[in-house]
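# Report on the structure
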Amino acid sequence: YTLHHRPGLLSQIWKTLRFSHEYGGWNNKIGLRNPGIDYAVEKFKENPDEIYSIAILHKTEIPELLERIPYNMNIELNVSCPNAEKHMVVTGIEQFINPDRNWCIIKLSPKTEPRVIDNFYRKGFRQFHCSNTLPVLGGGLSGPPLIPHTSRLVDYIKTKYPDTEIIAGGGIQKYDTLLNYQKLGANHFAISTLFFHPILCSKFFYNFYKRN
């Protein structure tokens, strides 16, 4: 969610979400189309345990977002959407950290450098989502090409900062990929493009419930 409504979600999904044979994953240029933060706050009133993803497009939006977002609302700060027309704001976002939130996650780009992670940690962030879509020509790429990037990030964060909590996502289409992320130190897992493959999805959840 962004501060203001950004229309055109369904049309952008229809126009831009495509499987890329060149890259071996799903490419999209949805660009943060969403109904705005007030809609998210209303959803929070009905579902207070859910996590709401927030993207900040201008530094001047931070005070208004801080005012509108409930103090105990669980959030993920998306600092890395590659298919929006602007870079996400990273300065001053530590103001969203407070003891009443169970979750205040940073969603990283797969291209995030170690020094950037170190800076987020120094600012107080202890929850990281690895990772967002990969910047490619024509938008952001999801699927198996993310695996080496997510693996690198999870390994770096958990090795250097064992007190962190990590959500690993990107290319989880086989249960073994989830297990590999877990071995690297991931605590939670995110799946999305798996649902585009009914057979793979069925096999994944069969193995998941079989082993858990």
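Here the structure is a predicted model, which is why all the values come from computation and not from measurement.

### Some remarks on the packing of aromatic side chains
Inspection of every chain in the model, using the stated rule, returns 13 aromatic pairs. Note on Phe 205 and Phe 208: the rings are 6.5 Å apart at their centroids and 75° apart in plane angle, and the pair reads as edge-to-face. Of this pair, Phe 205 and Phe 208 are both found in helix H7 (residues 198–211), three residues apart, which corresponds to roughly one turn of the helix. Taking the centre distance of 5.2 Å and the plane angle of 85° together, the rings of Phe 208 and Tyr 209 count as edge-to-face. For Phe 208, a relative accessible area of 27% puts it in the partly exposed group. Its relative accessible area of 59% is what places Tyr 209 among the exposed residues. Cluster of aromatic residues (ring-pair linked, three or more members): Tyr 175, Phe 195, Phe 204, Phe 205, Phe 208 and Tyr 209. If you follow Arg 126 out to its NZ or CZ, it ends over the ring of Tyr 121, 3.5 Å from the centre.

### Some words on the nonpolar core
Core analysis: the biggest nonpolar cluster contains 45 residues, and Ile 56, Leu 77, Ile 93, Phe 96, Ile 106 and Phe 128 have the highest contact counts within it. The contact partners of Leu 77, leaving out residues within four places of it in the chain, are Ile 54, Ile 56, Ile 93, Phe 96, Cys 104, Ile 105, Ile 106, Lys 107 and Phe 125.

### Considerations on the sheet that holds strand S3 (residues 51–54)
In space, the six strands of this open sheet follow the order S3-S4-S5-S6-S9-S10, with parallel pairing throughout. Every interior strand has two partners, whereas the edge strands, S3 and strand S10 (188–190), have only one. Here the average twist between neighbouring strands, direction ignored, is 25°. Across three bridges, the pairing between strand S9 (residues 165–169) and S10 is parallel. Within S10, the position partnered with Gly 169 by the bridge is Ala 190. Each of strand S5 (104–108), strand S6 (127–130) and S9 is contacted by helix H5 (residues 147–160), which is oriented at about 170° to S9, the strand it contacts most.

### Remarks on the side chain of Lys 158
Structurally, Lys 158 can be placed in helix H5. Discounting residues that sit within four places of it in the chain, Lys 158 has contacts with Thr 164, Glu 165, Ile 166, Leu 184, Gly 185 and Asn 187.

### A look at the packing of helix H6 (residues 175–184) against H7
Contact geometry for H6 and H7: axes closest at 9 Å, N-to-C directions at 50°. By the angle between their axes, H6 is oblique relative to H7. Along its contact with H6, which presents Tyr 175, Asp 176, Leu 178 and Leu 179, the element H7 presents Phe 204, Asn 207, Phe 208 and Arg 211. Tallied by class, the residues present in the contact of H6 with H7 amount to five nonpolar, one polar and two charged.

Rules used in this analysis
Residues numbered from 1 in each chain as written. Predicted model: local features only at pLDDT ≥ 70, side-chain atom pairs only at ≥ 80, totals over all residues. Heavy atoms only, no water. Phe/Tyr/Trp six-rings, centres within 6.5 Å; stacked < 30°, edge-to-face > 60°. Helix = DSSP H or I, 4+ residues; strand = E, 2+ residues; numbered from the N terminus. Buried < 20%, exposed > 50% of the residue type's maximum accessible area, 1.4 Å probe, protein only. Lys NZ or Arg CZ within 6 Å of the ring centre and 35° of its normal. Core = buried A, V, L, I, M, F, W, Y, C linked by side-chain atoms within 4.5 Å. Contact = heavy atoms within 4.5 Å. Pairing = 2+ DSSP bridges. Axes fitted to C-alpha atoms, helices over the stretch in contact; angles between N-to-C directions. Parallel < 35°, antiparallel > 145°, perpendicular 65-115°, else oblique. Nonpolar A, V, L, I, M, F, W, Y, C, P; charged D, E, K, R; others polar.

Just geometry here; none of it tells us what the structure is for.
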